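# Commentary on secondary and tertiary structure
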Amino acid sequence: MKLEKIRNDFPILNEVVHNKPLVYLDNAATTQKPQMVIDAISNYYTHTNSNIHRSAHTLASRATELYETARDTIQQFIHAAHRHEINFTRGTTEGINLVMYSWAMHNIQEGDEIIISALEHHSNLVPWQQLCKQKKAKLLIIPINEHGELMMDIYYKQLSTKTKLVACVHTSNSLGTINPVKDIIEKAHLFGAKVLIDGAQAVAHAPIDVQALDADFFVFSGHKLFGPTGIGVLYAKEEILNEMLPFHFGGEMIKTVTYEETTFNTLPYKFEAGTPNIAGVIGLGAAIQYVQSIGFDFIQEQEKTLLAYATEKIKQINGLRIIGTAANKASVISFVINGIHTYDVGVLLDQMGIAIRTGHHCCMPLMDSLSLEGGTCRASFSFYNSQEEVDILIAGLERVVRMI
Ligand code: PMP
């Protein structure tokens, strides 16, 4: 059976927690790593470890080849037009900060407007809030309806010639809402605004085509895509990257240096100062190859089935309320239970070997607006999760409810 075989690819799924088999339902926080990714990293350190780009010796050229091949893999994965539009970062957070410091800092002026949504993770909120304060620009928020869907009619009205940037999450980590990003981008472009898409929660669940989307910036993290932590990608259109100043100064990002002047390297090296996370890049390349070997048809079918099955069962639990019921939703279920703090639900489930996330999910303003002081409990599924694991979660929640 395919699922059994897939589960065997992830050694951590055999872990035991509090004498119970691990049921890992915290995939929106980070995904587990298949053996292929672990091997790619281990093989790199065992056989290839060397610094890239600057040496004549064999190991260095092997390491450079592995690193640059991973860039090609990522380019194809998100359908970027050019390999040099793929810039390696530490993750989504760093990618957004890079855009803030290297593009927005020089392109946003007093009186300009930036639009974000009510569903943003702090990493796509705080940088823009801080920039707006510094530049005396205005931050506008696209509100959500009672299902957790963006109110697009209000967004259309918020757009104007003052809008310089729209920074929006593709898929909400807290409610699971999948936003109509193509429409968001199209409408913003009518006013000449640039658009940044936070793809952190999107890349593991559906194919991404940055050219079809016409995204100006697209960011994601490797660790939510079955790859290592500490590595991520900033995609941006070539012409925008060419206009941007470097984010970090130092080695590798230069062409020539004198005591008086520096000329900067070509793309993508202009944005990759210093020794990068070579093993991380190679691991991310392997993770994408793994995802491609499974295929998005299977991934989407499995996640859709799990979401529908879990939603139906979880709804029947006494006193439990699902938060976020968007029509177009990723495999995430946020919920609260009357009479018990979200954190306590998390601790009790952990005793049963079940890992879910509780709290504000780095979306404090959203939780405040929903009057959810303790945030929510969030179960998030990946394609390697099984219906049996959903049943264990449901049985666990029923036990929790009986304890209240
Ligand atoms: N945006 C979203 C939607 C996320 O879910 C996350 C991680 N929870 C981030 C941004 C930040 O990603 P990272 O911590 O990997 O930089």
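Our subject is the structure listed above.
Attention in this report is confined to the structure presented alongside it. None of the values given here were measured: they were computed from a predicted structure.

### Observations regarding the side chain of threonine 73
Mapped onto the secondary structure, threonine 73 falls in helix H3 (residues 58-78). Apart from the residues within four sequence positions on either side, threonine 73 is in contact with Gly285, Ile288, Gln289 and Gln292.

### Some thoughts on empty space enclosed by the protein
For the structure shown, the criterion picks out 2 cavities of 30 Å³ or more. Tallied by class, the residues present in the lining of the largest cavity amount to 4 nonpolar, 7 polar and no charged. Each of two domains, domain 1 (2-32 + 295-403) and domain 2 (39-292), supplies a minimum of three residues to the lining of the largest cavity. Tallied by class, the residues present in the lining of the second largest cavity amount to 3 nonpolar, 4 polar and 1 charged. Taken domain by domain, the lining of the second largest cavity gets at least three of its residues from each of domain 1 (2-32 + 295-403) and domain 2 (39-292).

### Some points on the state of the cysteines
This structure, assessed with the given rule, holds 0 disulfides. Free cysteine cysteine 132: the closest other cysteine sulfur is in cysteine 168, separated by 15 Å. Overall, cysteine 132 belongs to the buried group, its relative accessible area being 5%.

### With respect to the site of the ligand
All residues adjacent to the ligand are Thr92, Thr93, His121, Ser123, Val169, Asn173, Asp198, Ala200, Gln201, Ser221, His223 and Lys224. Here a nitrogen atom of the ligand sits 3.3 Å away from a polar atom, N or O, in the side chain of histidine 121. Side-chain polar atom of glutamine 201 to an oxygen atom of the ligand: 2.7 Å apart, as the coordinates give it. Burial of the ligand by the protein amounts to 84% of the accessible area it has alone, namely 400 Å². Of the residues that constitute the shell around the ligand, the class distribution is 2 nonpolar, 8 polar and 2 charged.

### Thoughts on helix H14 (residues 387-403)
If you check H14, its first and last C-alpha atoms are 25 Å apart, about what 17 residues at 1.5 Å a residue would give, namely 24 Å. Of all the residues in H14, the buried ones are Glu389, Val390, Leu393, Ile394, Gly396, Leu397, Val400 and Val401. Along the axis of H14, the buried residues cluster in a sector spanning 160°; they form a single face. Looking at H14, the residues exposed on the side facing more than 90 degrees away from the buried face are Glu388 and Arg402.

### Brief notes about the pairing of strand S9 (residues 217-221)
Counting buried positions along S9 gives 5 out of 5 residues, so the element sits mostly inside the fold. Burial along S9 is two-sided: the face carrying Phe217, Val219 and Ser221 and the face carrying Phe218 and Phe220 are both buried. With 3 bridges joining them, strand S8 (residues 194-198) and S9 adopt parallel strand pairing. Looking at S9, one finds that isoleucine 197 is bridged to phenylalanine 218. Across 5 bridges, S9 lies against strand S10 (residues 232-236) in antiparallel orientation. Across the sheet, serine 221 pairs through a bridge with glycine 232, a residue of S10.

### Looking at the sheet that holds strand S6 (residues 138-142)
Across the sheet, which stays open at both edges, the 7 strands sit in the order S4-S10-S9-S8-S7-S5-S6 with mixed pairing between neighbours. A strand with exactly one partner marks an edge of an open sheet, and here the two such strands are strand S4 (86-89) and S6. Geometrically, the sheet is characterised by an average inter-axis angle of 20° between neighbouring strands, direction not taken into account. Relative to S6, strand S5 (residues 113-117) runs parallel, the two sharing 5 bridges. The residue bridging serine 117 from the neighbouring strand is isoleucine 142, located in S6.

### A word on the sheet that holds strand S14 (residues 332-337)
The 4 strands are arranged S13-S14-S17-S16 in an open sheet whose pairing can be described as antiparallel. Looking along the sheet, the strands with just one partner apiece sit at the ends: strand S13 (320-323) and strand S16 (357-359). Within the sheet, the average angular offset between the axes of one strand and its neighbour, ignoring direction, is 30°. Lying over the sheet, helix H11 (residues 296-315) contacts S13 and S14, oriented at roughly 10° with respect to S14.

### Let's talk about the side chain of histidine 223
Position of histidine 223 relative to the elements: it lies in the loop between S9 and S10. Relative accessible area serves as the criterion here: at 17%, histidine 223 is assigned to the buried category. Among the polar contacts made by the side chain of histidine 223, one reaches the side chain of threonine 30 at a distance of 2.7 Å. Beyond its immediate sequence surroundings of up to four residues, histidine 223 is in contact with Ala29, Thr30, Thr31, Lys33, Pro228, Thr229 and Ile231.

### Comments concerning the packing of aromatic side chains
In the structure shown here, the tally under the stated rule is 15 aromatic pairs. On the numbers, 6.3 Å between centres and 70° between planes, the contact of phenylalanine 10 with phenylalanine 383 is edge-to-face. On the criterion of sequence distance, the pair formed by phenylalanine 10 in the loop between helix H1 (2-8) and strand S1 (16-17) and phenylalanine 383 in the loop between strand S17 (376-380) and H14 is long-range, its members being 373 residues apart. An aromatic cluster is built from Phe10, Phe226, Tyr290, Phe383 and Tyr384, whose rings are joined through pairwise contacts. The ring centre of phenylalanine 298 lies 4.6 Å from the NZ or CZ of lysine 2, which sits over that ring.

How each quantity is defined
- Residues numbered from 1 in each chain as written.
- Predicted model: local features only at pLDDT ≥ 70, side-chain atom pairs only at ≥ 80, totals over all residues.
- Heavy atoms only, no water.
- Helix = DSSP H or I, 4+ residues; strand = E, 2+ residues; numbered from the N terminus.
- Contact = heavy atoms within 4.5 Å.
- 1 Å grid on protein atoms, 1.4 Å probe; cavity = no way out; pocket = protein on both sides within 12 Å on 5 of 7 lines; lining within 4 Å.
- Points joined across faces, edges and corners; volume = space filled by probe spheres on them.
- Nonpolar A, V, L, I, M, F, W, Y, C, P; charged D, E, K, R; others polar.
- Domains from an automatic or database assignment.
- Disulfide = S-S within 2.5 Å.
- Buried < 20%, exposed > 50% of the residue type's maximum accessible area, 1.4 Å probe, protein only.
- Near = heavy atom within 4 Å.
- Polar contact = N/O pair within 3.5 Å; in protein donor to acceptor, adjacent residues only side chain to side chain.
- Areas by Shrake-Rupley, 256 points an atom, 1.4 Å probe, with all protein chains shown as cover.
- Expected span 1.5 Å × (residues − 1).
- Arc of directions from axis to C-beta.
- Pairing = 2+ DSSP bridges.
- Axes fitted to C-alpha atoms, helices over the stretch in contact; angles between N-to-C directions.
- Phe/Tyr/Trp six-rings, centres within 6.5 Å; stacked < 30°, edge-to-face > 60°.
- Lys NZ or Arg CZ within 6 Å of the ring centre and 35° of its normal.

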